[in-house]
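Structure at a glance
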Amino acid sequence: SKKYGSVISDMSRETQKILAEANAGAQEALSSMPTLRGFAGESIQSQLFADKLATFGRLKYSQARAYVGYMASVIFLPQTVTALVLFYGGKLTMDGSMKAEG
């Protein structure tokens, strides 16, 4: 759990950094829009922003995959083990290898 927390914390920092960079670039571009239009730099700024957002999306996807893996190990696996033990005990009881006693 500590390892997962460390990994998610690092991923969160990285995603926030990328999002902040994207927002800073957008803010800078919007504040100097007349200059950008004058030098036809709109498409360049738009592409830079799109690239930052694509990186942000990839990082969030990785974070979601880590979350799903962690939740599967924390919730799904213990429930599966319990079900398998109950199934095996029921099978042994039905075969007569084990008796159900109260």
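In what follows, the accompanying structure is described. (Residues numbered from 1 in each chain as written. Predicted model: local features only at pLDDT ≥ 70, side-chain atom pairs only at ≥ 80, totals over all residues. Heavy atoms only, no water.)

1. Here we look at the overall build of the protein chain
Counting secondary structure elements, the protein chain contains three helices and zero strands. Counting helices and strands in the order they occur from the N terminus, the protein chain gives α-α-α. Intrachain contacts of the protein chain at a sequence separation of at least 6 include 72% that bridge at least 24 residues. (Helix = DSSP H or I, 4+ residues; strand = E, 2+ residues; numbered from the N terminus. Contact = heavy atoms within 4.5 Å.)

2. A closer look at the side chain of T15
Tracing the backbone through its elements, the reader meets T15 in helix α1 (residues 2-31). A polar contact of 2.9 Å, which involves the side chain of T15, links it to the backbone oxygen of S12. Once you skip the residues sitting within four places of it in the chain, T15 turns out to touch F56, L59, K60 and Q63. (Polar contact = N/O pair within 3.5 Å; in protein donor to acceptor, adjacent residues only side chain to side chain.)

3. What to know about the environment of E21
Looking at where E21 falls in the secondary structure, it is placed in helix α1. Distance in space between the C-alpha atoms of E21 and L53 is 9.5 Å, their sequence separation being 32 residues.

4. Things to note about the packing of aromatic side chains
For the structure on display, the rule yields one aromatic pair. Centroid distance Y4 to Y70: 3.9 Å. Interplanar angle 5 degrees. Geometry classified as stacked. Taken as a pair, Y4 in helix α1 and Y70 in helix α3 (residues 42-95) lie far apart in primary sequence, 66 residues in all. (Phe/Tyr/Trp six-rings, centres within 6.5 Å; stacked < 30°, edge-to-face > 60°.)

5. With respect to α1
For α1, which comprises 30 residues, the first-to-last C-alpha distance of 43 Å matches the rise-based estimate of 44 Å (1.5 Å per residue) to within 8%. By the burial criterion, the buried members of α1 are Y4, I8, T15, I18, A22 and A29. (Expected span 1.5 Å × (residues − 1). Buried < 20%, exposed > 50% of the residue type's maximum accessible area, 1.4 Å probe, protein only.)

6. Here's the deal with the side chain of Q63
The topology assignment puts Q63 in helix α3. Q63 sits in the buried class, given a relative accessible area of 13%. Contacts of Q63, omitting those with residues within four sequence positions, involve I8, M11, S12 and T15.

7. Quick notes on the pattern of salt bridges
All told, the structure shown has three salt bridges when counted by the stated rule. The partner of R13 in a salt bridge is D10, with the nearest N and O atoms 2.9 Å apart. Here R13 pairs with D10, and both are found in helix α1, just three residues apart, close to one helical turn. A residue is classified by how much of its surface remains accessible, and R13, at 53% relative accessible area, is exposed. With a closest N to O distance of 2.6 Å, K52 and E21 form a salt bridge. On the criterion of sequence distance, the pair formed by K52 in helix α3 and E21 in helix α1 is long-range, its members being 31 residues apart. (Salt bridge = Lys/Arg side-chain N within 4 Å of Asp/Glu carboxyl O.)

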